[in-house]
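Understanding the architecture of this molecule
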Amino acid sequence: MTILSAEELRLNACLLKQSTFVTVHSGSQHHATTNIDNQGSGYPCWNQKFDLELPSNIQYMTIEVKRRSLLGNVMIGMVNVPVTDFTQGYAAANHLHFLSYVLRDRKGLRKGIVNLSIRVKESWERVRNTTAFVR
């Protein structure tokens, strides 16, 4: 998986200035976090790759975009990415999927867009009863 970028990140109706990062959860014990983007303002670019383990029973991955502040990390928005978005239909090993999702806050308000790419290392059909890895 590569966390590429985000667009129009907003907090309280204002474009964000800096210090944004992404956390990806793919099950209760598996997660990854990008570096902090200090230059992209409301349009940060991380372009950071991760190898994530996907348990066979997982239905979605959670992507959270946050901002680092003096008071700690502030949630900007999140999205639950259905695993079927990149395993259903043409899901051959090493097929690259480019995906974009709307980020929403806890109230359901739109907070921007996150862009990512996912490459399933092995055929999902082959590993359905085991653990899959995404790159």
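See above for the structure.
Bear in mind that the values here come from a model prediction, so they are computed numbers and not experimental data. (Residues numbered from 1 in each chain as written. Predicted model: local features only at pLDDT ≥ 70, side-chain atom pairs only at ≥ 80, totals over all residues. Heavy atoms only, no water.)

Summing up its helical and strand segments, the protein has two helices and 12 strands in all. Mapped from its N terminus to its C terminus, the protein presents α and β elements in the order β-β-β-β-β-β-β-β-β-α-β-β-α-β. Counting across all 135 residues of the protein, residues that qualify as buried make up 42%. Just so you have it, the protein exposes about 7700 Å², and 46% of that area is on carbon and sulfur atoms. (Helix = DSSP H or I, 4+ residues; strand = E, 2+ residues; numbered from the N terminus. Buried < 20%, exposed > 50% of the residue type's maximum accessible area, 1.4 Å probe, protein only. Areas by Shrake-Rupley, 256 points an atom, 1.4 Å probe, with all protein chains shown as cover.)

Evaluated as defined, the whole model comprises zero aromatic pairs. Between the NZ or CZ atom of Arg 68 and the centre of the ring of Phe 21, over which it lies, the distance is 5.3 Å. (Phe/Tyr/Trp six-rings, centres within 6.5 Å; stacked < 30°, edge-to-face > 60°. Lys NZ or Arg CZ within 6 Å of the ring centre and 35° of its normal.)

It is worth spelling out the nonpolar core at this point. Residues Met 1, Ile 3, Met 61, Ile 63, Phe 86 and Leu 116 are the most contacted members of the largest nonpolar core, which totals 27 residues. Elements supplying a minimum of two residues to this core: strand E1 (2–7), strand E4 (20–25), strand E7 (52–54), strand E8 (60–69), strand E9 (72–82), strand E10 (96–104) and strand E11 (110–119). Setting aside chain neighbours within four positions, we find Leu 116 in contact with Met 1, Thr 2, Ile 3, Leu 4, Ile 63, His 97, Phe 98, Leu 99 and Tyr 101. (Core = buried A, V, L, I, M, F, W, Y, C linked by side-chain atoms within 4.5 Å. Contact = heavy atoms within 4.5 Å.)

Next up on the list: the pairing of E11. For E11, the tally of buried residues reaches eight of 10 residues, placing the bulk of the element in the interior. Here E1 pairs with E11 via five bridges, running antiparallel. Bridged to Thr 2 within E11 is Ser 117. As judged from the nine bridges shared by E10 and E11, these two strands associate in the antiparallel manner. When the sheet's bridge partners are listed, His 97 is paired in E11 with Ile 118. If you look at the hairpin formed by E10 and E11, you'll find five residues sitting between the two strands, and Gly 108 has a positive phi there, around 90°. (Pairing = 2+ DSSP bridges.)

Among the secondary structure elements, Lys 111 is positioned in strand E11. Given a relative accessible area of 10%, Lys 111 falls into the buried group. Here Lys 111 is in contact with Glu 8, Leu 9, Arg 10, Asn 12, Ile 76, Gly 77, Leu 103, Arg 104 and Asp 105, once residues within four sequence places are set aside.

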